[in-house]
Amino acid sequence: MDDDKDFELLFHSWNTKNPTDRLFIISCFVAALVGILTIAYTAFQWRRNINLSWMKAIARSKKNPKARHKIPVAPHTWVLESVSRAKNLNCCVCFKSMSPSQTLGPIVASEGFIHRCCICGAVAHLSCSSSAHKDCKCVSMIGYEHVMHQWAVRWTDVADQPDETALCSYCEEPCGGTFLSGSPIWSCLWCQRLVHVDCHSTMSNETGDICDFGQFRRLILSPLYVKELNWNMPGGFLSSITHGANEIASSVRASIRSQSKKYKHGNEPSVVESGNGESIDEMSTESTGASRQIENGHHEVDEKNSSNKEVRHQDSEVENKMDRKPSLRLNSSINQKDESHTLGVKQKYDLTDLPPHARPLLVFINKKSGAQRGDSLRMRLNILLNSVQVVELSSTQGPEMGLYLFRKVPHFRVLVCGGDGTVGWVLNAIDKQNFVSPPPVAILPAGTGNDLARVLSWGGGLGPVERQGGLSTFLHHIEHAAVTVLDRWKVTISNPQGKQQLQPTKFMNNYLGIGCDAKVALDIHNLREENPDKFYNQFMNKVLYAREGAKSIMDRTFADLPWQIRVEVDGVEIEVPEDAEGVLVANIGSYMGGVDLWQNEDENYDNFDQQSMHDKILEVVSISGTWHLGKLQVGLSRARRLAQGQSIKIQLFAMFPVQIDGEPWFQQPCTISITHHGQAFMLKRVAEEPLGPASAIITDVLENAETNNVINASQKRALLHEMALRLS
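Residues numbered from 1 in each chain as written. Predicted model: local features only at pLDDT ≥ 70, side-chain atom pairs only at ≥ 80, totals over all residues. Heavy atoms only, no water.

Caption draft 1: Structural context of the overall build of the protein chain. For the protein chain, the helix and strand inventory stands at 19 helices and 24 strands. Scored against the burial criterion, the 728 residues of the protein chain give a buried share of 47%. Of the contacts formed within the protein chain by residues at least 6 apart in sequence, a portion of 76% connects residues at least 24 apart. Entry remark: accessible area of the protein chain is about 36600 Å², with carbon and sulfur atoms responsible for 53%. (Helix = DSSP H or I, 4+ residues; strand = E, 2+ residues; numbered from the N terminus. Buried < 20%, exposed > 50% of the residue type's maximum accessible area, 1.4 Å probe, protein only. Contact = heavy atoms within 4.5 Å. Areas by Shrake-Rupley, 256 points an atom, 1.4 Å probe, with all protein chains shown as cover.)

Caption draft 2: Spatial organisation of the pattern of salt bridges. If you walk through the whole model with that rule in mind, you get 18 salt bridges. Between Arg380 and Glu466 there is a salt bridge, with the nearest N and O atoms lying 2.8 Å from each other. Here the residue Arg380 occupies a position in helix α9 (residues 374-384), and Glu466 occupies one in helix α13 (residues 462-467), the gap between them amounting to 86 residues. One salt bridge connects Glu663 with Lys506, and the closest N-O pair in it is separated by 3.6 Å. With Glu663 in strand β23 (residues 663-667) and Lys506 in strand β14 (residues 506-508), this pair connects stretches of sequence that are 157 residues apart. Accessibility expressed as a relative area gives 10% for Lys506, which makes it buried. Through salt bridges with shared partners, a single ionic network connects Lys367, Asp375, Arg378 and Glu392. (Salt bridge = Lys/Arg side-chain N within 4 Å of Asp/Glu carboxyl O.)

Caption draft 3: Quick look at the packing of aromatic side chains. Counted according to the given criterion, the structure contains seven aromatic pairs. Summarising the aromatic geometry, the rings of Trp190 and Phe213 are spaced 5.6 Å apart at their centres and angled 85° between planes, so their arrangement reads as edge-to-face. Pair noted here: Trp190 is in the loop between β5 (185-188) and β6 (194-196) and Phe213 is in the loop between α4 (197-207) and β7 (226-228), with a separation of 23 residues, a long-range link. Like Phe213, Trp190 is buried. The interplanar angle of 40° and the centroid separation of 6.0 Å between the aromatic rings of Phe558 and Phe656 together place this pair among those described as tilted. (Phe/Tyr/Trp six-rings, centres within 6.5 Å; stacked < 30°, edge-to-face > 60°.)

Caption draft 4: Quick look at the sheet that holds strand β3 (residues 123-124). Here we have three strands laid out as an open sheet, ordered β1-β2-β3, and antiparallel in their pairing. A single partner strand is all that each edge strand has here, and the edge strands are β1 (78-82) and β3. As defined by bridge partners, β1 adjoins strand β2 (residues 113-117) across five bridges and the pair is classed as antiparallel. Note that in β2 the partner of Trp78 across the bridge is Cys117. (Pairing = 2+ DSSP bridges.)

Caption draft 5: Spotlight on the confidence of the model for the protein chain. Per-chain confidence: the protein chain averages 76 in pLDDT, with 67% of residues scoring 70 or above. Within the protein chain, helix α6 (residues 280-295) has the poorest average pLDDT of any element, 37, and strand β9 (residues 361-365) the best, 97. Note on residues 234-247: pLDDT under 50 across the span, and 12 contacts to partners over four residues away in sequence or across chains. (pLDDT = per-residue confidence, 0-100.)

Caption draft 6: Structural detail: the sheet that holds strand β20 (residues 640-645). Here we have six strands laid out as an open sheet, ordered β20-β19-β18-β15-β22-β23, and antiparallel in their pairing. Where the open sheet ends on each side, the last strands, each with one partner, are β20 and β23. Within this sheet the neighbouring strands show an average axis-to-axis angle of 20°, counted without direction. Summarising the sheet, strand β15 (residues 511-515) and strand β18 (residues 582-586) pair through five bridges and their orientation is antiparallel. Residue pairing for β18: Leu512 is matched across the bridge by Val585. (Axes fitted to C-alpha atoms, helices over the stretch in contact; angles between N-to-C directions.)

Caption draft 7: Main features of the side chain of Arg488. Within the element layout of this structure, Arg488 appears in strand β13 (residues 482-494). One polar contact links Arg488 to Asn428, side chain to side chain, over a distance of 2.5 Å. Dropping the residues within four chain positions of it, Arg488 is found in contact with Gly424, Leu427, Asn428, Asp431, Phe507, Met508, Asn509, His676, His677, Gly678 and Ala680. (Polar contact = N/O pair within 3.5 Å; in protein donor to acceptor, adjacent residues only side chain to side chain.)

Caption draft 8: Quick look at the environment of Asp487. Examined against the element boundaries, Asp487 turns out to sit in strand β13. For the pair Asp487 and Asn510, spaced 23 residues apart in the sequence, the C-alpha separation amounts to 9.1 Å. Ignoring any residue separated from it by four or fewer positions in sequence, one finds Asp487 in contact with Met508, Asn509, Asn587, Met613, His614, Asp615, Lys616, Ile617, His676, Gly678 and Gln679. Within the local environment of Asp487, its side chain forms a polar contact with the backbone nitrogen of Asp615, the two atoms lying 3.1 Å apart.

Caption draft 9: Representation of helix α14 (residues 470-479) within the structure. By the criterion of burial, α14 is predominantly enclosed, with seven of the 10 residues buried. Taken together, the buried positions of α14 are occupied by Gly470, Leu471, Ser472, Phe474, Leu475, Ile478 and Glu479.

Caption draft 10: Representation of unusual backbone geometry. One non-glycine residue, Asp209, lies in the positive phi region at around 65°. Inspection of the secondary structure assignment puts Asp209 in the loop between α4 and β7. We classify Asp209 as buried; its relative accessible area is 0%. Unlike most non-glycine residues, Asn450 shows phi in positive territory, near 55°. Structurally, Asn450 can be placed in the loop between β12 (441-445) and α12 (451-455). Asn450 sits in the buried class, given a relative accessible area of 2%.

So this is what it looks like as structure tokens:
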């Protein structure tokens, strides 16, 4: 009550004042507010100028630690980027702001773009980049005994740094400085540690400036074992390839001479063929094409040119890339040489003499996946890791290139940044490498549905990854992840009689759908092909999926499906419900962005076992239309269980849309056979103690045992498989 009385008295005294007095008080208040804002703005500009002055002094200092410790220099790898993504950053050459000048009239085209280094994140004006110092991260240090800290100015704000790196690594004082005085700092391009410039000389004298790669030392590919290939060097790849081409040409000429002699002696002429039945003309054409490819093999990273030349690659089309094989084969020795040349023709680096304890991470990025953030992810991973171990997938370069690069690494892990289709693409490539003990695969969910990533607890998109600490925390989870097993299934499509195969063999990891769900996936696929710009992030992709599904929500297009399909499970025919408009065969417990079709917790089905992704058994369910799909998505309904089995045979008596792991197409009448293909090692994020650390420790023990010749690779694979099943 006293407060109310005081307020009433204050209000009354204000009303009784002279209007001139009130105006004077308001003017004083406004003047004070403007003064405070002016002081704050002046202080902010002062600090900014001090920081910029320090930055200039540090960058131009003659006491650069690189010169003292003879660290190999490397030029920046510039890519074009919109100037809007470089606000509040300064050019690393002229130190001026990267923000466009606020001038009247249209903006000059050159002012709309800048150069950003995709290795270290430095930015520069287009006119300045050619004059930039060679102070980027050096990814190849063959011949050096140790990796030294590569101190440089932190030109960009990195959101993936752990909290402890905000302190000086020597004095452990904050590196942010006070409000009015900026604190000049160096940042190591490898371990991400910070150090005050004043502390650096003392620390260097005490430690020798040797870098241990920080918290990701087990995941980073050390530049000490990365060899840069010189294509024009005598005796290098170009020389060996030329020698191989001459050897092939000599054998072809000898074959022609022998055939001509036979022809002269009355034998029938025959066409000289290579080992796979190709004629000389075809072989010569391929050799010429290979030679041209070799001449242009030494490639530079130029995002502007590559983006104009690359064909758009979608997760749903990745299977076609795996069917390409080297076609030039004459004998076993030439075949092996040709295979290495075919895979190594675009290799810029090679790995040599890696120590047995090395556990580097091989990263595959598909920047055309649903999230459309491949360029950003690639730069952030290049900053945290070695750019040599980060491979970008495209329609012209598949996972084989990265796997070939890591062919000499005894123990490594794979990270796939993409959707379910990209994961399938990489798993197919790993299958074809015939590893005795294949590397386990983790998933950074950058697609639309990300069903396999959800099952393995990596999340349903990039949003949760960013909210849980960014890539730094994600890499920490990979290092301590549990190894698990994923069933992979072979899908054979043959004619209705089941005798003649109509399509190349496909492989299924997640699910196969026939009917209404495949129709929605096909409509989305066609829309993506026609308007790729609409699919620019994960949220909009899901909105478009919902829109396409709503179009046919009242249209029973597949009402006759139960009479046009025949399903056999382990040789027993299964009755398809009369209201079914779709049949789904599931291997994992996530569909369409997180829908659990089987629902293990459902106790209404006592005659069925629980679903598992490594029990070599598939689950068959039915859905009753697009409206049913919508209710499944929001948890208001559930799919109808039909059967479980190890072998599925589906006969289509009419044309239906079919999809495998998001890859849709219209299928003519046929017989679809699904059989077990094998199992792949996957990495599953485990947050509970002690399961996660225990799995990581056991994996290390098995790998060390193999390194010390206590067990061989096949025994390690068997033990790792058994451990994964038991811990799962």
